[in-house]
2 protein chains.
Amino acid sequence: MSRIILASASPRRRELLGILYPSFEVIPSGADENVTAQEPAALVEELSRLKATDIFEKQDHKEDALVIGADTVVAFEGEILGKPQGSQHAFRMLEKLQGNTHQVYTGVTLCTLQAGQPMIRTFHECTEVTFYTLTPEEIWEYIESGEPMDKAGSYAIQGAFAKYVKGIRGDYYNVVGLPVSRLNQELKKMRAEIYEKGSNL
Amino acid sequence: MSRIILASASPRRRELLGILYPSFEVIPSGADENVTAQEPAALVEELSRLKATDIFEKQDHKEDALVIGADTVVAFEGEILGKPQGSQHAFRMLEKLQGNTHQVYTGVTLCTLQAGQPMIRTFHECTEVTFYTLTPEEIWEYIESGEPMDKAGSYAIQGAFAKYVKGIRGDYYNVVGLPVSRLNQELKKMRAEIYEKGSNL
């Protein structure tokens, strides 16, 4: 694969993919319409697949390209929490999450061409995150920092909010937005599969 | 507390304490001799206490100072793994840890003066870390990056090694070197205790 393409605009995903590849292209996909999945794992898988295939189809030399799409959602008691629409919304989300355990799902799709056929691999990782209790004052102080506004679930685990995260169960980088170690494993499997099939990729 | 003092030279601990305090002093302690504890939790607690009290005792105006000491060790099947002495030693450690789950213990001691008496609070956090399997080639590649050399257990969770960390159970920052969220809770308790006792700190 001579061209690695990340189909995401997230600077955090860009930084994390840098752990696996010294250089790659970034071509964000706007494709996230008409999703049918309701359940978080199925939803992030579907969204990552939409993004990866959207960018893959737009490439002229598909045989050289590997496109990586990803999507992250936060789920609490079966409800999916996206990005907040304003500070009151962020407050309601954080009020639910404080003192409790929620789930963070990231779906990833790898898309390339193998012997003239598209080769698509989709997976997801789930990480459980537990917060200490927060007072309404602490929640407002965090909202006023501006950080929650573009984050699923209204928080970033890697920022100022770290002081309220009691613990996690699963991959930390999955919560940041890209399950780097699982992705590394899936890339290894994909390369082995391509090699077995005698492709010259 | 008008002066917060971190009794550690670790740049990672410095960065993490910055989540709780916009500014503080750093006075590393060399006190880590003559420890008696054998068990990892007791050992990191004792080492953190030695460091914090060493720096605290050297302060002229103790009533204004809060000293924070910390120590981290990696344990695997009851054995404590410190910093490696050379690359062969690092290889043997990583060969043990790969494909397995180990424990990371960080002990923290807070030291201040309350109504003329030293007030010392010590605690520890344990995080379980699981690695994917690594080939000898992958271990050597990582050792050659130079990163393992000053790290307990011969790895840094926040660096290039992230691609081999399958998951954790507990606080991520505890593995980096300072359990920020637990420390935040303990500082709150300490402030409440001081307030109840009617100190003017």
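Located above this text is the structure these notes cover.
Our subject in this report is the structure included herewith.

Cut-offs applied
Sequence order as written defines the numbering, with residues in each chain counted from 1. To label them, take the chains in the order written and letter them from A, then take the ligands in the order written and number them from 1. Residues qualify for local features only when their pLDDT is at least 70, as the model is predicted, and side-chain atom pairs are given and counted only at 80 or more; totals for whole chains, interfaces and linings, by contrast, use all residues. To get the side-chain values, take all heavy atoms of the structure and skip hydrogens and water. The superposition of copies rests on a least-squares fit of C-alpha positions from residues with pLDDT of 70 or more in both. Residues count as neighbours in contact if any of their non-hydrogen atoms are within 4.5 Å of one another. A quick way to say it: buried area is the sum, across both parts, of accessible area lost when two parts are put together, with a 1.4 Å probe. A side-chain nitrogen of Lys or Arg and a carboxyl oxygen of Asp or Glu constitute a salt bridge if their distance falls within 4 Å. A 3.5 Å cut-off defines polar contacts: any pair of N or O atoms within that distance qualifies, except that in protein one atom must be a possible hydrogen donor and the other a possible acceptor, and neighbouring residues in sequence count only when both atoms are side-chain atoms. Amino acids outside the nonpolar list (Ala, Val, Leu, Ile, Met, Phe, Trp, Tyr, Cys, Pro) and the charged list (Asp, Glu, Lys, Arg) are all regarded as polar, and Gly is one of them. Pairing between strands requires that DSSP locate at least two bridges from one strand to the other. Numbering of helices and strands runs from the N terminus, with a helix taken as a DSSP run of H or I at least four residues long and a strand as a DSSP run of E at least two residues long. Any residue under 20% of the maximum accessible area for its type is buried, any over 50% is exposed, and the rest in between are partly exposed; the area is computed with a 1.4 Å probe on protein chains only. To estimate the expected span of a helix, count its residues, drop one, and scale the result by 1.5 Å. Axis definition: a line fit to C-alpha positions, over the contact stretch in the case of helices; interaxial angles, taken between N-to-C directions, run 0 to 180 degrees. Orientation categories follow fixed angle ranges, with anything under 35 degrees roughly parallel, anything over 145 roughly antiparallel, 65 to 115 roughly perpendicular, and all other angles oblique. The sense of a crossing depends on the near helix, which, turned anticlockwise from the far helix by less than a right angle, makes the crossing left-handed and, turned clockwise, makes it right-handed.

1. Some words on the relation of the copies chain B and chain A
Mapping chain B onto chain A leaves a residual RMSD of 0.0 Å; the transformation is a rotation of 180° accompanied by 0.0 Å of translation along its axis. Look at the turn and shift together and you get a two-fold axis relating the two. Residue R169(B) of chain B places its C-alpha closer to the rotation axis than any other residue of that unit, at 2.2 Å.

2. Digging into the interface of chain B and chain A
Listed per partner, the contact involves 26 residues of chain B and 26 residues of chain A. Between chain B and chain A the total buried area reaches about 2,000 Å² when both faces are included, carbon and sulfur atoms providing 50% of it. Scanning the region where chain B abuts chain A turns up two salt bridges. Of the charged contacts in the structure, one is a salt bridge between E138(A) and K188(B), with a shortest N-O distance of 2.7 Å. Counting across the interface, chain B meets chain A through ten residue pairs in polar contact (both at pLDDT 80 or more). Residues that form the side of chain B that touches chain A fall into these classes: twelve nonpolar, seven polar and seven charged. As paired strands, strand 7 (residues 165-170) of chain A and strand 7 (residues 165-170) of chain B are joined by three bridges and run antiparallel to one another. What sits directly across from G170(A), in strand 7 of chain B, is I168(B).

3. Things to note about unusual backbone geometry
Residues other than glycine seldom take positive phi values, yet E77(A) does so here, at roughly 50°. A positive phi angle is found at S154(B), which is not glycine, with a value near 70°. Within the secondary structure, S154(B) sits in the loop between helix 4 (136-144) and strand 7. S154(B) sits in the buried class, given a relative accessible area of 0%.

4. Re the environment of V35(A)
Residues and elements named next belong to chain A. When you line up the elements, V35 lands in the loop between strand 2 (25-26) and helix 2 (40-57). Once the C-alpha coordinates of V35 and L47 are considered, the two residues, twelve residues apart in sequence, prove to be 7.1 Å apart. Residues in contact with V35, not counting those within four places in the same chain, are L43, E46, L47 and L50.

5. Things to note about helix 2 of chain A
Owing to its 3.6 residues per turn, the α-helix brings residues three or four apart onto one side. In a regular helix each residue adds 1.5 Å, so 18 residues correspond to 26 Å; helix 2 of chain A covers 26 Å between its end C-alpha atoms and thus fits that length. In terms of burial, helix 2 of chain A is a largely internal element, 14 of the 18 residues being buried.

6. Thoughts on helix 6 (residues 180-196) of chain B
Taking 1.5 Å per residue as the helical rise, helix 6 of chain B with its 17 residues ought to reach 24 Å, and the 24 Å between its terminal C-alpha atoms agrees with that figure. Three or more residues of helix 6 of chain B are buried, namely V180(B), S181(B), L183(B), N184(B), Q185(B), E186(B), L187(B), M190(B) and I194(B). Those residues of helix 6 of chain B that are buried lie in contact with strand 7 of chain A together with helix 1 (11-17), strand 3 (65-76), strand 5 (101-114), strand 6 (117-131) and helix 5 (172-176) of chain B.

7. With respect to the side chain of T53(B)
Residues and elements named next belong to chain B. Take T53: it is sitting in helix 2 (residues 40-57). Side-chain polar atoms of T53 contact the backbone oxygen of L50, separated by 3.4 Å. When residues no more than four places from it in sequence are discounted, the contact partners of T53 are C111 and I120.

8. A word on the pattern of salt bridges
Side chains that differ in charge, positive against negative, can pair when their charged atoms come close. The tally for this structure, following the rule as stated, stands at 22 salt bridges over all chains. Across the pair E193(B) and R121(B) runs a salt bridge whose closest N-O atoms are separated by 2.5 Å. Within this pair, whereas E193(B) is found in helix 6, its partner R121(B) is found in strand 6, the two being separated by 72 residues in sequence. Owing to a relative accessible area of 17%, R121(B) belongs among the buried residues under this scheme. Connected through salt bridges with shared partners, the residues R121(A), E125(A), R182(A), E186(A), K189(A) and E193(A) form a single ionic network.

9. As for the packing of helix 3 (residues 87-97) of chain A against helix 4 (residues 136-144) of chain A
Residue and element names in this part refer to chain A. Remark: helix 3 packs on helix 4, axes separated minimally by 10 Å, with the N-to-C direction vectors making an angle of 135°. Judged by the inter-axis angle, helix 3 sits oblique to helix 4. The two elements helix 3 and helix 4 cross, and the hand of that crossing is right-handed. Of the residues in helix 4, those in contact with S87, Q88, A90, F91, L94 and E95 of helix 3 are P136, I139, W140, Y142 and I143. Each residue belonging to the contact of helix 3 with helix 4 can be placed in one class, and the counts come to eight nonpolar, two polar and one charged.

Geometric values such as these leave the question of function open.
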